Amino acid sequence: MRGLAVSGVLLLLAGLAAAQEIPIQEIPVSERRSGLDQMAPETRAMQADDAANPGMLWVGDGADLFARAPSPEAPACAACHETGALRGVAARYPAWDTAEARPIDLEGRINLCRSRHQGAAPLPREGRDLLALTAFVANQSRGLPIAPPADPRLAPARAAGRALFERPLGQLRFSCAGCHDANWGRHLGAAPIPQGHPTGYPLYRLEWQGLGSLQRRLRNCLAGMRAEPFAPDSPEATALALYLMQRAAPLPVETPAVRP
Amino acid sequence: MRPHLLAILVALGQTALAPYRIEGDAIPSALGGAAGDPDRGRAIALDPRKGLCTLCHAGLGAGPAGDLGPDLSGVGARLAAGQLRLRLVDGRALNPGTLMPSYYRAAGAERVGAAWVDRPVLDADEIEDVIAFLLTLRPEAPR
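Residues numbered from 1 in each chain as written. Chains lettered and ligands numbered in written order. Predicted model: local features only at pLDDT ≥ 70, side-chain atom pairs only at ≥ 80, totals over all residues. Heavy atoms only, no water.

### Examining the domain arrangement of chain A
Residues and elements named next belong to chain A. This is how the line gets drawn: An automatic or database domain assignment is the source of the domain bounds shown. Any two residues whose heavy atoms approach within 4.5 Å are treated as being in contact. Accessible surface is computed with a 1.4 Å probe, and the buried area is the amount of it that two parts give up when combined, taken over both parts together. We define a salt bridge as a side-chain nitrogen of Lys or Arg found within 4 Å of a carboxyl oxygen belonging to Asp or Glu. In protein, a polar contact requires one atom able to donate a hydrogen and another able to accept it; more generally it is a pair of N or O atoms within 3.5 Å, and residues adjacent in sequence count only if both atoms are side-chain atoms. Under the DSSP-based scheme used, a helix requires at least four consecutive residues in state H or I and a strand at least two consecutive residues in state E, with every element numbered from the N terminus. In this classification, the charged set is Asp, Glu, Lys and Arg, the nonpolar set is Ala, Val, Leu, Ile, Met, Phe, Trp, Tyr, Cys and Pro, and all remaining amino acids, among them Gly, are polar.
When the domains of chain A are assigned, the result is domain 1 (33-49 + 152-259) and domain 2 (55-139). Taking only C-alpha atoms, the centre of domain 1 and the centre of domain 2 are 22 Å apart. On the side of domain 2, 23 residues touch domain 1, which itself brings 21 residues to the contact. Across the domain 1 to domain 2 interface the summed buried area is about 1900 Å²; carbon plus sulfur atoms make up 67%. Per-residue buried area on domain 1 facing domain 2 is highest for Arg153, Leu211 and Asp233; these three make up 29% of the total on that side. In this structure, the salt-bridge partner of Asp233 is Arg102, at a minimum N-O distance of 3.3 Å. Our count for the domain 1 to domain 2 interface comes out at three residue pairs in polar contact (both at pLDDT 80 or more). Elements with a minimum of two residues in the side of domain 1 that touches domain 2: β6 (210-212), α10 (214-224) and α11 (235-248). The element best represented in the side of domain 1 that touches domain 2 is α11, accounting for four residues. Residue classes in the side of domain 1 that touches domain 2 are distributed as twelve nonpolar, five polar and four charged.

### Things to note about the nonpolar core
As a reminder, the rule being used: Throughout, nonpolar core names a set of buried Ala, Val, Leu, Ile, Met, Phe, Trp, Tyr and Cys residues whose side chains join them through atoms within 4.5 Å. Exposed residues in this analysis have more than 50% of their type's maximum accessible area, buried residues have under 20%, and partly exposed residues fall in between, with area computed by a 1.4 Å probe over protein chains only.
Formed by 51 residues in total, the largest nonpolar core has its most connected members in Leu60(B), Ile127(B) and Leu134(B). Top element by residues in this core is helix α5 (residues 124-135) of chain B. It accounts for six residues. Ranked by size, the runner-up nonpolar core spans 24 residues in total, among them Tyr93(A), Ile110(A), Ala138(A) and Tyr204(A).

### Remarks on the UniProt feature "binding site: heme c 2" (unreviewed entry) in chain A
Residue and element names in this part refer to chain A. Cut-off, in case you're wondering: UniProt positions are given in the numbering used here, feature names are shortened, and annotations may be inferred rather than shown by experiment.
In the numbering used here, UniProt assigns the feature "binding site: heme c 2" (unreviewed entry) to Cys176, Cys179, His180 and Cys221. In three dimensions, the annotated residues from a span of 46 residues occupy one location, with a maximal C-alpha spread of 10.9 Å. Look past the residues within four positions of Cys176 in its chain and what remains in contact with it is Leu164, Phe165, Asp181 and Met225. Within the secondary structure, His180 is located in helix α9 (residues 176-180). Since its relative accessible area comes to 13%, His180 is described here as buried. Every residue in contact with His180, bar those within four places of it in the chain, is listed here: Ile27, Phe165, Ile193, Pro194, Gln195, Gly196, Cys221 and Arg247.

Below, the structure written as structure tokens:
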């Protein structure tokens, strides 16, 4: 009896030691699939048709904001960036910003342009204007393969992002990898688990009844894990985004995607 | 040996939780003392915000269920109360890589959301209720 009890405790201790590091295989390039592939035909049709895709409303608003000067003295985005010149940008962000000496995501880049070149205040994250401008810029990369830069300055943050992805977090001690690497294609309740690639952000989520950023999507997953969310533009949030983009390459950019 | 064992469990950070003793693959004694109520247990197990069980398990007698864990139809005939208790309390003691949350263990969790800090997923009475419910899940009698 006593022997059994002791072996139970040893098991318990072994469990504690091992719980942190459980290697899960990364999805090989040839098996990477967009969440689009698992959607119902109606939702796919909605994304494919610009007249039916609600995200295109934000893209249109973004085009207007891009062309309009934020104040009479400041240039419009369009004064510096010719039409079409931003094709490919969304496929390679987050990227290193030399002045800030850190990686910056696309929303952060737009806000840096505002402060550096337009003398304007940063737009609030998740506000309509920043979502619209980001959707407009990212839409210009639609169809291009995600191609993260090889910039070695990004490597430490990308590695930190991968470690976060694989780390059990929150009260339930789930890891992102536990669902999106090890169990994609299965179901969490009624919801099919996608591989979790950030191919379509900002995107229109039916559940949100609106457009949302990648960071908002990550807050949803973290809430499900009962974990404290990462603040947008925090080192953790950008690190995770960097790793997610590398993990998704070379799937095509879909912005604005539609998701359930 | 026994007091030593208890000391280890307390040192592991379970101070706020009822101590328990693992024997083999089971926790033989009830956590609180009170016997569980199967109806309350059913409500907890089927509530996607409380027990979360249907997110992963079919076979609990309710609507759309996930398929991340095994089908639990008839589980009450396969596993005894003590075995069910260890699987609920801390299934990671048996399989460190399991996806199934440890329902009665607050230690070892990182970056826990503010609403959940230092709390187990279910309290001792709720665990006993869920066990009582699982024990009612038996294979259909042959007609």
